[in-house]
Structures are given as C-alpha cells and as structure tokens.
Amino acid sequence: MKLFFLTFLIVNSFLFCQTEDVISIQIPDTLIQLQPSEDTLAITSPSSAYDVDTVIYANAADSLIYFIKEKKMAIYGQGELRYKDTELKAANIKIDFSTSNIDAEGIPSDTLDGQYSGTPVLKEGIEVYEGLSMRYNFKTQRGFISAATTESEGGFYTGTKIKKVDRDTYFIEDGIYTTCEESCPHYHFYSPHMKVIHKEQLIAEWIWLHFGGVPFPVPLPFAVFPIESGRRSGILPPAFGEDGTYGRYFSRFGYFWAISDYMDWAVTGDYYTRGSYNLSSRFRYAKRYNFTGNLEGGYSFFRTRGAIDPDREERRDWRVKWNHNQSITPTMRFDANLEFISGNYLRRNVADFNELLRNEVVSNATFFETWEEAGNSMSVSYSRRQVLETGDISETLPNLSFNMSQKYPFRRKNAVGEQEWYELIGYNYSGQFQNTRNKTAGDLKIRGGIQHNVSIGASPKFGYFSLSPNIRYQERWYNKRIDRRSGGISVSGADSIITDDIHQINLVRTFGVGLSASTKFYGMFQPEALGISAIRHIVNPSISYNYQPDFSKPFWGYFDSYVNSKGEEIRYNKFEREIFGGPGIGEQQSISLSVSNIFEMKTQVDPTDTTSKENKIQLLNLTGSIAYNFAADSLRLSDLNVNYRTQISDLLNLSGSTTFTPYSYADNISKINRFLIDDGRGLLRMTSFSLSLSTSISGERLRSKDESTPSGMQDDPFQVGNTPGNIYQGLYQQGDPDFTIPWDISLNYNFNQQTPRPGSTTKFSSISGSLNFNLTPNWKFSFTGNYDLTRKEFSAPQVKISRDLHCWIMNFTWNPSGTFTGYMFEIRVKAPQLQDLKVTKRDQFYTGR
C-alpha cells in the first residue's frame, strides 16, 4: 500500500521534535485510513540553506526510513519520488538532502536469473530515462545512468552509460541510436562516443550503420543528426546522375533556413557539366488565423552541344509565383495567386505531373470588402491568362466592381399590417470599371470602359402566383470606338477593310422592360413500404416576357455603315470591339418558359430504434426551358434545353444536359426555317448531349495501434496552395500513403456529343480516376490515369506500389507511357529527422529533373 510523504519546503529543521536518530515507517498490508487533513505530512522550517523550493512527494510499497542527523532518506519497495516535473521510480531509492543526490537501483528478479526488476525510470517532462542503476541530482539536474535507454523526439538512445551534464546535454558510452521502437530495431547507428543536445542534434564519432543486426562494413568518421521536431535549418543533399543531353549533374542541392515560427526560406540549384544550370527559391510565411503565403522564383539556362559547336542552342527561362491569403478584418479579405512564367520553364524544371499537364497559366488577385449594415460590397481584382503553347496573354487590370443591395425607398420603417403595393417597389445598382490588355502574336490591344446597371422592380403576389415587373437601364462609358471603311480590292480579290480606333468619349445607353410570373405546386405519393415514407414531386413553372427596342436604328447613333467595292452598304456596330460590347441588332421581344421538377424521398422511422430519424433524399432535379422571339425574322423558336442532376448519397453524382431543336435541316445547313414535323421528321431532333458521372468510395479506416494521426494529416500552418484534388503525385512528393484505409476508389466519366445535323457528329468520351488498395496490411497499390475512350489511348497513367517496412517505407512509381515515361524506386526512413537516409533509383528521364 502507498503512503504519501510530504517533505521539505525547507529541509534544515522540522516541525516535530524527535530524539531518535532514525524514523522508520513500516507500511502495513491494509490501507491506513487518514482524515482529509491528515493525508500528507508536511515538514517545514522558518529558514533554510537549501534550494528546495517546492514540495517533494515520496511513496513506497515497503518502507520509508529517514535518518535525521545525516539528513538522508531510504525508500524500499516500488519507491517513487516527485519533484516539480521530475519523477523517479525504482525498487530502492536513497536520498541525501545535504548534497541533493539521489541513488536508485533495481533488485534481482525472483523469477528470472540474471534479470532485474524495479529498475530506475526517470522522467523529466516528456523525457524518459531507464537503466540498471542511476545517480541523479535533483537540484542541478545532472545524473549518471548505467545500461540506460531513453527516447527523445521519436529517437531512441541506448548505452552502457549515460551521463547527463545539464538539463539539455548528455553523453552516451557505447551508444545506439535509432528511430525504430522495436526492442530489436530493424536498423540502428552504433558509436562508442555520442553527445546528445536535447531537441537540437546528436553528435557521434566512428558511426557504424547496422541493418537487421548486420553492420555496414565501412564506418563514418563522424556524423551529426538533427533531432529537432518540426522545421529546422540545414543543407539539402543533392541527387547525382547523368543526362544524355546535358551531361553529368547534381540537382536539388541547396539550403533550408527555418527563420522563425512564422517564415522559412529554401534555395536549391541544379548544375550540369556541359554548362547548364537552374536556380530555384521558395520563401514561405504564415500566421495562424491571419494570413499564409509563399513566394517562389526560378531561373534556368540550358545549352545543347558544346560551347564551340556552331549548332548549339541556348535557352533561358524563368518563373515567379506568389500565393497569399489574408483576412484583414471580418469584412475585408485579400487573396492572390499570381504566376508569371516563360514558355518552356515547366517542361525542363518541374517534375510534378499536375503542373506538366497544364497548357495555360491563370493568375488572379482580389481585394474584397463588404458593408454588412448597408448590404453593399466592393471588389478590386486583377486576372491574367497565359497560353503556354502560343504565348498569348490576356489580362484585366483593374476590374473594379460595386454592388448595392435591393433598396425599397417607399417602405415604412415601422410598418404595421400589410404592405401597400408601392412599398414593394425596389431598386438595385451595380457598377463596374474594367481595363483589358490582350497580346496575341505580339500585337497588344488595350480596351477599357465603365458600365452602370440599374434595375427597378416589384414582387407582388396574387393568390398562388408571384408577378415581378421590372425596368432595366444600362449605361456604358467608352473612350474609344471604331471607324470602318473599304480599302478597295486586295491582291486576293476580296474587299480590303480598314478599321481604325477613334479616341473619343462615348456613352452607350440601353434599356428594357420585362414581366415574369411563377408559381409552385406539389404532388405526394406515400407508399409506406420498403423503408420509404413518401415521395414528393415539386413543380416550379415560370414564364417571362422581355422587350428591348432596336438600338441599331440611326436614331440611336450606335451603328454606322460603309460602302464596299460592290457598292453595297454594310452596317457595323461602332462599339463591337469595346470591353462591354455594344447593343445588338434588331428588336428583342421574347417570351420564355421554364419548368423545374424536383423529386424527393423521405425515409421511414425505424419503430424499434428510438434514435432513428427521417432522412430526406433528393432523387432528381430536372429543368427544361424554351423561348420564342416575336421580333426575329426567322427561327423564332429557340432550342429546348434540358438539364438534370442527381446525387445518390455520397456514392454517385450525375449531371448532364441535352439540347433539342424543332427545326429541320438541309445538306450543309444545321437549321432552316421549317419545322421537322412539317417535313415528316418527327417533333424534335437532338443536337447535343453531355453527361458527367463521378463517384468516390472507400473502406472504413482501420484502427492504428497507437491511434496516431495518419501520415500527412498533421496540421501544418505552412501548407499553402494545397491542391487535394490532384490525382497525380509529384515525383519527389514525400507524403507517405495511408495504410489505415484498406481501399478507396475515385472515378470520373465524361461524355459529350455534338450533332448539328444528321451525319455530322463529333464525340468525346473519357474516364479518369484513381484506385488504391491494400494487398496486405503492409502492401498498398495505387493506380491513377485517364483513358480517352474515343481515341482509345491512355493519357499519363501512373502506377505506385508502397511497402510499409515499419520504420522504413518503400515507394515505386512508374509512368508506363506518354511523354514523361519513367520510374522512380525509393527506400527511406520514415522519421523526418532522417529523411535523407534513403536509397533511390531512377531511369534516365527522371535523373535530369
């Protein structure tokens, strides 16, 4: 049984007076019943020459003996001492309060010859030390342990002797270091002399690396192992190899600088013996719940053939990338994802499939502010699109927009009773300023403009119907317009048209009116069988009428004309090249009809389960729309568009659309002004069809032995620009597979068919996805790729095989076909502090990356 002994706030004298030289307290076999105020014994003194500044707790299973004159204590039988964050357990413990020394040792086992029980275990915070015998000073925190073992930051140390010289430094004789927690580790480093600096590094001389108990024949003269947790500064080791075009090389050599908890910087370089090189840099910064970002840059120079070869080629490429996300205030935010790149940089310097398969670079930055009380919002943004194959660039700088929520100028502030009809009248406003720069084949064109939109409307109800009349007004401001004239007959015999930009301020004003009506009704079917309580069908029909005058008439002044070489007058829109365009030709007077159908199902409640609840499941969302333009001179009836989507639990997502036309066709004309039914060809003809299916399912996660977080799932404040949707793993991605998920599959199917007229059909069909499964608990197979069902060819397939080797992991990645055919084989230690302890083999393609 245990008796808790409280001693020494100051250990120079005692509250009670004893004349005996020894106080011996025997622990009986039954529990001593103490009063609440008697469960500890305090020994204090008004003055002391010692540095014990807090309570020391001691307990034992056998006895505690205190020697008063010598100021010593002996603890026998499962002894335990606790002082601050230090805890010591051993079979026998002796304490000298004059010197603050503690001696602890185990006792021979009664059942196993040559074995000891109750061996000392010292715990300081999260550090644990074990050995056969121990001497420790609880004031200086120095100690000496024989036949000891300890663990720190995932590393395990064992030695015949461990000498702790201060809180963070200790020396190990005949030391063994490993990250494998097995009693017989799969690998370890042995050194006769080791020095460990807590949470910093391990220094050793004459290192022997052992695999499965077999030493590597050649030792290392010395080694320094970083053992800090998290990010740390250090040299990034290079990869060596040979490239058939650029010669021998070493790549990805550099330095990582962990500047602080909020930022770090990495610089790497590649060098080829034939004169080519590449430099890369990445700076990351983060402040949790505030902002994250990274800045990347790269410059490369690649030269083919020798320096004196007349056919040599030289190419310089560069890349700058910035990602930033910040919540400035609860209503203000700034996000940026900018990338500027020369055309061939990715192909030579990037090894991530998700980037190699890109054919364009898209950049954007947005500053957004909302005024919640007023309901208004404003955004300022920049966007840029670069086509890598052609080098064409289109960018918008800036794009400023302002939106004002619906306002009701006639509504009473403190309305009582029903609202009057005029109180339902409201208006809203939106404005936009935009400036674009488009560079195509080296030709730069700049356009800008301002657009204002004002809408006035109301939404009164009449029984089951909602009516919504509206008036729309739009005004566009431009500083340019075009002037077009005939330049005569060209060499090819066609008209030569000359188009000039006229710099002047122009206002383009348009307006329109409309009226819409909608209602909603339901249908219910209650089978009360097969677990189905009810099936509901919601129908929401709406009809709208819109009118806009013909702004191409001379009265408005938005159109002009020129006479071609044949004497024909050709009309054109003076603002057709402007950023918001100009008004269309002809009067617009149309009526539109739309019907949406929603099918829902409600499940039954299990009467035998008190926790059972009803579940609502949306079975299908089906919408059809068609329009009729009264002002058109032909083809007044629009196509019938049908859209549908459904989601079956979390297993299947389906969406698609189909377009039908009621008009007939001729030999090379997809539509003529005659209905199909008039030609005896039916009522409707399908002109397009698209379907998309996706599913993602996985097996139930297995319970790991230590219930730890799966690899790669740690909360990392520096995880910026994360793209979990990528199906391909980067060639040098270090994330380990999750062996706790036995299997998972993700599939996407896309089909598109265009049939403008019978006999002229184009189809596109592809399936993509990934499959991961555990062949055994330690073998995982992964397959990713895309298959074009129309061309019957694979696009960038990838196979990955992983083997969990306890403290090691093996990864084999193979790209069997395509431009980037190759493989990578790697065996490495899982522990992050030894991530460079690995064996890697790549074919020639990847050795140049």
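Only a predicted model underlies this, so the values are computations on that prediction, with no experimental measurement involved.

### What about the overall build of the protein?
In terms of helices and strands, the protein carries 3 helices and 51 strands. Burial statistics for the protein: of 849 residues in total, 35% are counted as buried. Surface summary for the protein: the accessible area is close to 49,100 Å², and the carbon and sulfur share equals 55%.

### Here's the deal with the environment of Tyr 249
Mapped onto the elements, Tyr 249 comes out in strand E22 (residues 247-260). Here Tyr 249 falls in the buried class, since its relative accessible area comes to 6%. Once the C-alpha coordinates of Tyr 249 and Ser 276 are considered, the two residues, 27 residues apart in sequence, prove to be 9.2 Å apart.

### Quick notes on the environment of Gln 386
Among the structural elements, Gln 386 can be located in strand E29 (residues 376-387). For the pair Gln 386 and Ser 342, spaced 44 residues apart in the sequence, the C-alpha separation amounts to 9.7 Å. Excluding anything up to four places from it in sequence, Gln 386 contacts Ile 341, Asn 359, Glu 360, Val 361, Asp 392 and Ile 393. Here the side chain of Gln 386 touches Ile 341 through a polar contact of 2.9 Å, landing on its backbone oxygen. Within the structure, Gln 386 has its side chain in polar contact with the side chain of Arg 384 (distance 3.2 Å).

### What to know about the nonpolar core
Counting residues in each nonpolar core, the largest one holds 45 residues, and the members touching the most others are Ile 75, Leu 81, Ile 93, Ile 95, Tyr 177 and Leu 202. Counting 8 residues, the second largest nonpolar core, distinct from the first, contains Val 508, Tyr 558, Phe 575 and Phe 580.

### Description of the packing of aromatic side chains
This structure, assessed with the given rule, holds 30 aromatic pairs. Look at Tyr 177 and Phe 189: their rings are 6.5 Å apart centre to centre, the planes differ by 25 degrees, and that puts the pair in the stacked class. In this pair, Tyr 177 sits in strand E15 (residues 169-178) while Phe 189 sits in strand E16 (residues 187-197), placing the two residues 12 residues apart along the sequence. Considering the side-chain rings of Phe 250 and Phe 253, the 6.0 Å spacing of their centres and the 75 degrees angle between planes classify their relative orientation as edge-to-face. Three or more aromatic residues joined by ring pairs form one cluster here, namely Tyr 478, Phe 511, Phe 551, Phe 555, Trp 556, Tyr 558 and Phe 575. A cation over a ring is seen here: Arg 411 above Tyr 408, with NZ or CZ 3.9 Å from the ring centre. Over the face of the ring belonging to Tyr 665 we find Arg 681, whose NZ or CZ atom lies 4.1 Å from the ring centre.

### Considering the pairing of strand E23 (residues 263-272)
For E22 and E23, the ladder comprises 8 bridges, and the chain directions are antiparallel. The partner of Trp 257 across the bridge, within E23, is Trp 265. Count of turn residues in the E22/E23 antiparallel hairpin: 2 residues.

### What to know about the pairing of strand E32 (residues 443-457)
Here 15 bridges tie strand E31 (residues 426-440) to E32, and the two strands are oriented antiparallel to one another. For Gln 432, the partnering residue across the bridge sits in E32 and is Gln 451. In this structure, the hairpin formed by E31 and E32 is closed by a connection of 2 residues, where Ala 441 is found at a positive phi of approximately 55 degrees. When E32 meets strand E34 (residues 465-489), the two strands line up antiparallel, connected through 8 bridges. Across the sheet, residue Gln 451 finds its bridge partner in E34, namely Arg 476.

### What about the side chain of Thr 661?
Topologically, Thr 661 is positioned in strand E43 (residues 652-661). Note on Thr 661: relative accessible area 0%, which makes it buried. A polar contact is formed between the side chain of Thr 661 and the side chain of Asp 639, at a distance of 3.3 Å. If sequence neighbours within four positions are ignored, Thr 661 has contacts with Asp 639, Lys 671, Leu 676, Leu 683, Leu 684, Arg 685 and Thr 687.

### A short note on the state of the cysteines
Considering all chains together, one arrives at 0 disulfides under this definition. With no disulfide of its own, Cys 180 lies 3.7 Å from the sulfur of Cys 807, the closest cysteine sulfur. We classify Cys 180 as buried; its relative accessible area is 1%. Looking at Cys 807, the relative accessible area reads 6%, which means it is buried.

### Some remarks on the pattern of salt bridges
Oppositely charged side chains are able to pair whenever their charged atoms sit close together. Tallying each qualifying case throughout the model produces 21 salt bridges. Measuring nitrogen to oxygen at the nearest pair gives 3.0 Å for the salt bridge that ties Arg 412 to Glu 423. One end of the pair, Arg 412, is in the loop between strand E30 (393-407) and E31; the other, Glu 423, is in the loop between E30 and E31, and 11 residues separate them in sequence. Judged by relative accessible area, which is 36%, Arg 412 ranks as partly exposed. Glu 423 gets classed as buried once you look at its relative accessible area, which sits at 0%. In this structure, Glu 578 engages Arg 447 in a salt bridge whose closest nitrogen and oxygen atoms are separated by 3.2 Å. Residue Glu 578 is found in the loop between strand E39 (569-573) and strand E40 (588-603), and its partner Arg 447 is found in strand E32; the two are separated by 131 residues along the sequence. Here Glu 578 and Arg 447 have matching classes, each one buried. The network of salt bridges with common partners includes Arg 303, Glu 314 and Arg 316.

### Examining a nonpolar patch on the surface
Nonpolar side chains collect at one region of the surface, where Ile 235, Phe 253, Tyr 255, Trp 257, Ile 259, Trp 265 and Val 267 lie side by side and expose about 660 Å² of accessible area between them. Taken together, the elements giving at least two residues each to the nonpolar patch come down to E22 and E23. Among the structural elements, Phe 253 can be located in strand E22.

### Looking at unusual backbone geometry
Note the cis peptide between Leu 397 and Pro 398, where omega equals -10 degrees. Counting through the fold element by element, Pro 398 comes out in strand E30. Not every positive phi belongs to a glycine, and Tyr 289 is a case in point at roughly 65 degrees. Residue placement: Tyr 289 occurs in the loop between strand E24 (277-287) and strand E25 (291-304). Residue Tyr 289 is classed as exposed on the basis of its relative accessible area, which comes to 81%.

### Quick word on the confidence of the model for the protein
This prediction gives the protein a mean pLDDT of 79; 83% of its residues lie at or above 70. Within the model, pLDDT remains below 50 along residues 704-734, and this stretch shows 55 contacts once partners closer than five positions in the same chain are excluded. Of the regions scoring below 50 in pLDDT, residues 844-849 engages in 30 contacts with residues more than four places distant in sequence or in other chains.

The rules behind the values
Residues numbered from 1 in each chain as written. Predicted model: local features only at pLDDT ≥ 70, side-chain atom pairs only at ≥ 80, totals over all residues. Heavy atoms only, no water. Helix = DSSP H or I, 4+ residues; strand = E, 2+ residues; numbered from the N terminus. Buried < 20%, exposed > 50% of the residue type's maximum accessible area, 1.4 Å probe, protein only. Areas by Shrake-Rupley, 256 points an atom, 1.4 Å probe, with all protein chains shown as cover. Contact = heavy atoms within 4.5 Å. Polar contact = N/O pair within 3.5 Å; in protein donor to acceptor, adjacent residues only side chain to side chain. Core = buried A, V, L, I, M, F, W, Y, C linked by side-chain atoms within 4.5 Å. Phe/Tyr/Trp six-rings, centres within 6.5 Å; stacked < 30°, edge-to-face > 60°. Lys NZ or Arg CZ within 6 Å of the ring centre and 35° of its normal. Pairing = 2+ DSSP bridges. Disulfide = S-S within 2.5 Å. Salt bridge = Lys/Arg side-chain N within 4 Å of Asp/Glu carboxyl O. Patch = residues over 30% accessible without salt bridge, like charges linked within 9 Å, V, L, I, M, F, W, Y side chains within 5 Å. pLDDT = per-residue confidence, 0-100.

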